[in-house]
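# Descriptive analysis of the structure
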Amino acid sequence: MATLTMTTTADPAARRAAGPEPSPPRLESGVGVLDKASLLLGVLESGPATLATLVSATGLKRPTVYRLALALERLRLVARDRDGRFALGPRLGDMVVEARADRLSLAAEPVLTALRDRTGASARLYRRRGQLRVCVAAAEAHGTGIDTVPVGSAFPLKSGAVAQVLLAWEEPELLYEALRGARFSAAMLSGVRRRGWAQSFGGWETAMATVSAPVRGPGGRVIAAVSLSGPVGRLTRHPGREYGCDTIDAAVGLSELSGC
């Protein structure tokens, strides 16, 4: 009986015999300037590139490539590395975070509900919007009637456990500005980074306690904060010690479920 020999694409000799693999189809919008910009970004997906490399890889004229690269740099879609090469810019990362925001909010409901049911306290998810923290999802404690925070409520980043978590991992120069007028110090934020959670007292009622932990996105960036809030009689005078691990677990679960 004849033996059938199958050749896979993993075989280098077979790949050479089959000839070069076809290039992936070029995405085109029909709008010339957009298609050219897309070409540049496509080259930079493989890593930083010099102007000469961009010209060679795209087949576009050098003045055109230079003009487009500078325009994309002004839009923060392209940046420069230490060697002056062009690279994908920080705005693309920001877009990824925002694109995942809806997924994060959808994933939050069951996680926050489970955290509330386990602790008996209100569980919420906050995201940063400039110098504000905004509640984007919540599972309110049953029957308390106090400390209710409607989704969409916004508060300054000047006090509280949530503000501490959203700022603790900020870049030093930005953190310095954020601390102006804040009710917490750089030393307190250092403690937040060390423990992985923040706690505070007060808020709507002086007898309320809150513990908060970070939700992380690409590269470990803090993109949101989970909070657990309730009367001191329920959360105790040491809410972080009692519920810090529960809050961290919920935050880590949200990061995983949202695909961040």
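Higher on the page you've got the structure.
How each quantity is defined
Residues numbered from 1 in each chain as written. Predicted model: local features only at pLDDT ≥ 70, side-chain atom pairs only at ≥ 80, totals over all residues. Heavy atoms only, no water. Helix = DSSP H or I, 4+ residues; strand = E, 2+ residues; numbered from the N terminus. Buried < 20%, exposed > 50% of the residue type's maximum accessible area, 1.4 Å probe, protein only. Contact = heavy atoms within 4.5 Å. Areas by Shrake-Rupley, 256 points an atom, 1.4 Å probe, with all protein chains shown as cover. Axes fitted to C-alpha atoms, helices over the stretch in contact; angles between N-to-C directions. Left-handed = near helix turned anticlockwise from the far one by under 90°. Nonpolar A, V, L, I, M, F, W, Y, C, P; charged D, E, K, R; others polar. Phe/Tyr/Trp six-rings, centres within 6.5 Å; stacked < 30°, edge-to-face > 60°. Lys NZ or Arg CZ within 6 Å of the ring centre and 35° of its normal. Polar contact = N/O pair within 3.5 Å; in protein donor to acceptor, adjacent residues only side chain to side chain. Salt bridge = Lys/Arg side-chain N within 4 Å of Asp/Glu carboxyl O. Expected span 1.5 Å × (residues − 1). Arc of directions from axis to C-beta.

We now examine the overall build of the protein chain. Regarding its fold elements, the protein chain presents 11 helices and eight strands. The burial tally for the protein chain puts 39% of its 260 residues in the buried class. Within the protein chain, contacts between residues at least 6 apart in sequence are counted, and of these 53% link residues at least 24 apart. Looking at the protein chain as shown, the accessible area adds up to about 15100 Å², and 56% of this sits on carbon and sulfur atoms.

At a closest axis distance of 9 Å, the pairing of helix α3 (residues 51-58) and helix α4 (residues 62-74) adopts a crossing angle of 115°. The crossing of α3 and α4 is right-handed. The segment α3 lies against α4, with Leu51, Ala52, Leu54, Val55 and Thr58 engaging Arg62, Val65 and Tyr66. Of the residues contributing to the contact of α3 with α4, the split by class is six nonpolar, one polar and one charged.

Before going further, it helps to spend a moment on the packing of aromatic side chains. One pass over the full model with this rule turns up zero aromatic pairs. For the cation-ring pair, Arg195 lies above Trp197, with the distance from its terminal atom to the ring centre recorded as 4.4 Å. Arg216 extends its terminal NZ or CZ atom over the ring of Trp169, reaching a point 4.6 Å from the ring centre.

The next thing to look at is unusual backbone geometry. Phi is positive for Arg76, which is not a glycine, with a value near 65°. Position of Arg76 relative to the elements: it lies in the loop between α4 and β1 (78-80). A positive phi angle, close to 75°, is found at Thr236, a residue other than glycine. One can find Thr236 in the loop between α10 (232-235) and α11 (239-257). According to the relative accessible area criterion, Thr236 is partly exposed, its value standing at 28%.

This next bit is on the environment of Gln199. In this fold, Gln199 is placed in strand β6 (residues 198-201). The class of Gln199 is partly exposed, set by a relative accessible area of 26%. In this structure, the C-alpha to C-alpha distance between Gln199 and Gln164, residues 35 residues apart in sequence, is 8.6 Å. Here Gln199 is in contact with Ala161, Gln164, Thr210, Val211, His238, Pro239, Gly240 and Arg241, once residues within four sequence places are set aside. A polar contact is formed between the side chain of Gln199 and the backbone nitrogen of Gly240, at a distance of 2.9 Å.

Our focus in this paragraph is the pattern of salt bridges. Scanning the model with the defined rule gives eight salt bridges in all. The residue Arg128 makes a salt bridge to Glu170 at a minimum N-O spacing of 2.8 Å. Taken as a pair, Arg128 in strand β3 (residues 122-129) and Glu170 in the loop between α7 (161-168) and α8 (172-178) lie far apart in primary sequence, 42 residues in all. For Arg128, a relative accessible area of 25% corresponds to the partly exposed category. Given a relative accessible area of 24%, Glu170 falls into the partly exposed group. One salt-bridge network, held together by shared partners, links Asp81, Asp83 and Arg85.

This part covers the environment of Ser159. Among the secondary structure elements, Ser159 is positioned in the loop between β5 (154-156) and α7. Residue Ser159 is classed as partly exposed on the basis of its relative accessible area of 26%. In this structure, the C-alpha to C-alpha distance between Ser159 and Gly181, residues 22 residues apart in sequence, is 9.3 Å. The residues contacting Ser159, other than those within four sequence positions of it, are Arg133, Arg183 and Phe184.

Our next topic: α4. With 13 residues, α4 extends 18 Å between its outermost C-alpha atoms, agreeing within 8% with the 18 Å of an ideal straight helix rising 1.5 Å per residue. The complete set of buried residues in α4 reads Thr64, Val65, Leu68, Ala69 and Leu72. Angularly, the buried residues of α4 cover 125° about the axis, an arc narrow enough to put them on a single face. Relative to its buried face, α4 has exposed residues pointing more than 90 degrees away, namely Pro63, Arg67 and Arg74.

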